[in-house]
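# Understanding the architecture of this molecule
So you can see what is in the structure, the chains are spelled out below.
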Amino acid sequence: MNNFTYHNPTRVVFGKGTAGHARKYLDPQKRVLLLYGRGSVKNNGVYEQVLGGLPTPPVLEFGGIEPNPEYETCMRGVEAAREAGIDFILAVGGGSVIDAAKFIAAAIPYRESDPWDILEKGAAMSAAIPLGTVLTLPGTGSEANAASVISRRARQQKLAFIHPRVQPVFSILDPETTYSLPVRQTVNGVVDAFSHVIEQYMTYPVDSPLQDRQAEAVLLTLIEEGPRAVAQPRDYNARANVMLAAMWALNGHLSCGVPGDWSTHMIGHELTAFFGIDHARSLAVVMPALLREQSAAKHAKLLQFARRVWGVTAEDEGTAVEEGITAMETFFHDLGVETKLSAYDVTLEKTAPIVGRFRTAAARLGEHGDLDADRIEAIFRACA
Ligand code: NZQ
Ligand code: ZN
């Protein structure tokens, strides 16, 4: 097992009826910015619940955060928050609202240069406004981690930053807030969480049986509970199990002591930046092709995945590995998620600028740093 440090300071409040419990965790002296998306929280009653549970009314409300939160929108939030003297952000929504809250929290006190530099240049930030969340869409894990992904459509960029100062102080996870999710978003969350486990599990063995079995437990839970939540949107336990699994997939504990990959995400983010494909759907396209491209280096874990997660019994190891990947693809297809670029009208030719970008950056992705632009091109050929 590899060395690691683990520290997750987010207080997770989980369960039925908790959406209106923010007052228990929020200092009434705080000047709160209430941040949300483009209207779902007003349609499903979550806004009322959250507002009713605040110790004092928010000093400022800022709605309109879009999926794949946009830098320009966030900067309007930063300006308004600076003017209002905000010292706490409460984000109510999915990964996009929470990620926007994290970037706004970092950008408010950042005066050294354009806050975009935090994303593009890894500019050092010395402070951030504290934030809390009420999660309404399980999938990204943003509610219990220190990552944020922001898009800048004008430049076809989608970039991430990770900083402990933007880790939520508390996150409220009330599964009932997810009853109103459209099927597309429920499914996106399941596929995104699945991919987060794969990025931390599908590398090479380091003799870490506990982490492996925890990863497999999250995968098996998503495989069982995801379709159940789709079939019965108001099944509390199905919703709760998906919500817990998605948080567990990316709150940091699965990566303790094991190598990480994250190349599917690096490539998927580019597909979203260039073609606007939903985050989870970009991953469902890249992941199977990437696992096949990397099947030699990932052989031992791919075989374990096939046998333990999908119950593959084929004796020949190569056959078993392929059956495992195919079972994963079938799982995505059964959820209504496509695994080819053509489903999004993206031809191989259209991916050339992405390959060019990786080539210019001399990218070497993956747990062995062996995925270069030529091999990324091969992955696009395979999933075209
Ligand atoms: O705009 P609103 O009204 O909020 O509606 C949203 C949006 O249209 C809607 N929605 C959310 N909760 C709902 C609901 N509709 C009905 N009922 C509810 N309870 O769903 C739509 C999608 O929301 P969004 O927040 O964009 O989805 P998701 O949670 O999948 O977040 C995606 C973003 O997170 C980033 C992605 O790249 C993408 O930008 N990620 C963040 C990560 C992190 N911070 O750790 C890791 C991930 O890998 C990912 O990259
Ligand atoms: Zn993801």
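Model, not experiment: these values are computed from the prediction.

With that settled, the discussion passes to empty space enclosed by the protein. In the structure shown here, the tally under the stated rule is 1 cavity of 30 Å³ or more. There is about 60 Å³ of room inside the largest cavity. In terms of lining, the largest cavity is formed by 13 residues, of which the most central are Gln200, Tyr201, Asp212, Val258 and Lys301. For the lining of the largest cavity, the elements supplying multiple residues, two or more each, are helix H6 (183-201) and helix H7 (209-231). Per element, the largest residue contribution to the lining of the largest cavity is 3 residues, and it comes from H7. Its residues assigned to classes, the lining of the largest cavity comprises 7 nonpolar, 4 polar and 2 charged.

The next subject is the pairing of strand S6 (residues 147-152). Of all 6 residues making up S6, 5 are buried, and the element is well covered by its neighbours. Note: S6 against strand S7 (residues 157-162), 6 bridges, orientation antiparallel. For Ala147, the partnering residue across the bridge sits in S7 and is Ile162. Linking two consecutive strands that pair antiparallel, namely S6 and S7, is a turn of 4 residues; a positive phi of about 50 degrees is found at Gln156 within it.

With that out of the way, let us pick up unusual backbone geometry. Even without a glycine there, the phi angle at Asn68 is positive, about 55 degrees. The residue Asn68 is located in the loop between strand S3 (60-62) and helix H3 (71-84) in this model. Even without being glycine, Ala362 reaches a positive phi, approximately 50 degrees. Mapped onto the fold, Ala362 is located in the loop between helix H13 (352-360) and helix H14 (373-383).

Before going further, it helps to examine the domain arrangement of the protein. Domains assigned within the protein are domain 1 (11-177) and domain 2 (182-383). For the domain 1 and domain 2 pair, buried surface summed over both sides reaches about 1,900 Å², with 66% attributable to carbon and sulfur atoms. In this assembly, domain 1 and domain 2 are joined by 0 salt bridges. The tally of links from domain 1 across to domain 2 stands at 5 residue pairs in polar contact (both at pLDDT 80 or more).

Before going further, it helps to spend a moment on the sheet that holds strand S1 (residues 11-14). The parallel open sheet is built from 6 strands, whose spatial order is S1-S8-S5-S4-S2-S3. The open sheet has two edge strands, S1 and S3, and neither has a second partner. Taken pair by pair, the neighbouring strands of this sheet meet at an average axis angle of 15 degrees, ignoring direction. Summarising the sheet, strand S5 (residues 131-135) and strand S8 (residues 170-173) pair through 4 bridges and their orientation is parallel. Each bridged residue has a counterpart across the sheet, and for Gly132 the counterpart in S8 is Phe170. The strands touched by helix H8 (residues 236-249) within the sheet are S1, S5 and S8, with S1 carrying the most contacts at an inclination of about 170 degrees.

With that settled, the discussion passes to the packing of H7 against H8. Here H7 crosses H8 at 145 degrees, and the two axes come no closer than 9 Å. The way H7 lies across H8 gives a crossing that is left-handed. Two secondary-structure elements touch here, H7 through Val218, Thr221, Leu222, Glu225, Gly226, Arg228 and Ala229 and H8 through Asn237, Ala238, Arg239, Asn241, Val242, Ala245, Trp248 and Ala249. Class assignment of the residues belonging to the contact of H7 with H8 gives a composition of 8 nonpolar, 4 polar and 3 charged.

On to the environment of Ser148, then. Mapped onto the fold, Ser148 is located in strand S6. Look past the residues within four positions of Ser148 in its chain and what remains in contact with it is Asp99, Lys102, Phe103, Leu119, Leu159, Ala160 and Phe161. From its side chain, Ser148 meets the backbone oxygen of Asp99 in a polar contact 2.9 Å long.

This brings us to the coordination of the zinc ion (ligand 2). Listed as protein donors to the zinc ion (ligand 2) are Asp192 (OD), His196 (NE2), His265 (NE2) and His279 (NE2); their distances from the metal cover 2.0 to 2.1 Å. The exposure class of Asp192 is buried, given its relative accessible area of 4%.

Cut-off values and rules
Residues numbered from 1 in each chain as written. Chains lettered and ligands numbered in written order. Predicted model: local features only at pLDDT ≥ 70, side-chain atom pairs only at ≥ 80, totals over all residues. Heavy atoms only, no water. 1 Å grid on protein atoms, 1.4 Å probe; cavity = no way out; pocket = protein on both sides within 12 Å on 5 of 7 lines; lining within 4 Å. Points joined across faces, edges and corners; volume = space filled by probe spheres on them. Helix = DSSP H or I, 4+ residues; strand = E, 2+ residues; numbered from the N terminus. Nonpolar A, V, L, I, M, F, W, Y, C, P; charged D, E, K, R; others polar. Buried < 20%, exposed > 50% of the residue type's maximum accessible area, 1.4 Å probe, protein only. Pairing = 2+ DSSP bridges. Domains from an automatic or database assignment. Buried area = accessible area lost by both parts, 1.4 Å probe. Salt bridge = Lys/Arg side-chain N within 4 Å of Asp/Glu carboxyl O. Polar contact = N/O pair within 3.5 Å; in protein donor to acceptor, adjacent residues only side chain to side chain. Axes fitted to C-alpha atoms, helices over the stretch in contact; angles between N-to-C directions. Contact = heavy atoms within 4.5 Å. Left-handed = near helix turned anticlockwise from the far one by under 90°. Donors = N, O, S within 2.8 Å, 3.2 Å for Na, K, Ca; no water.

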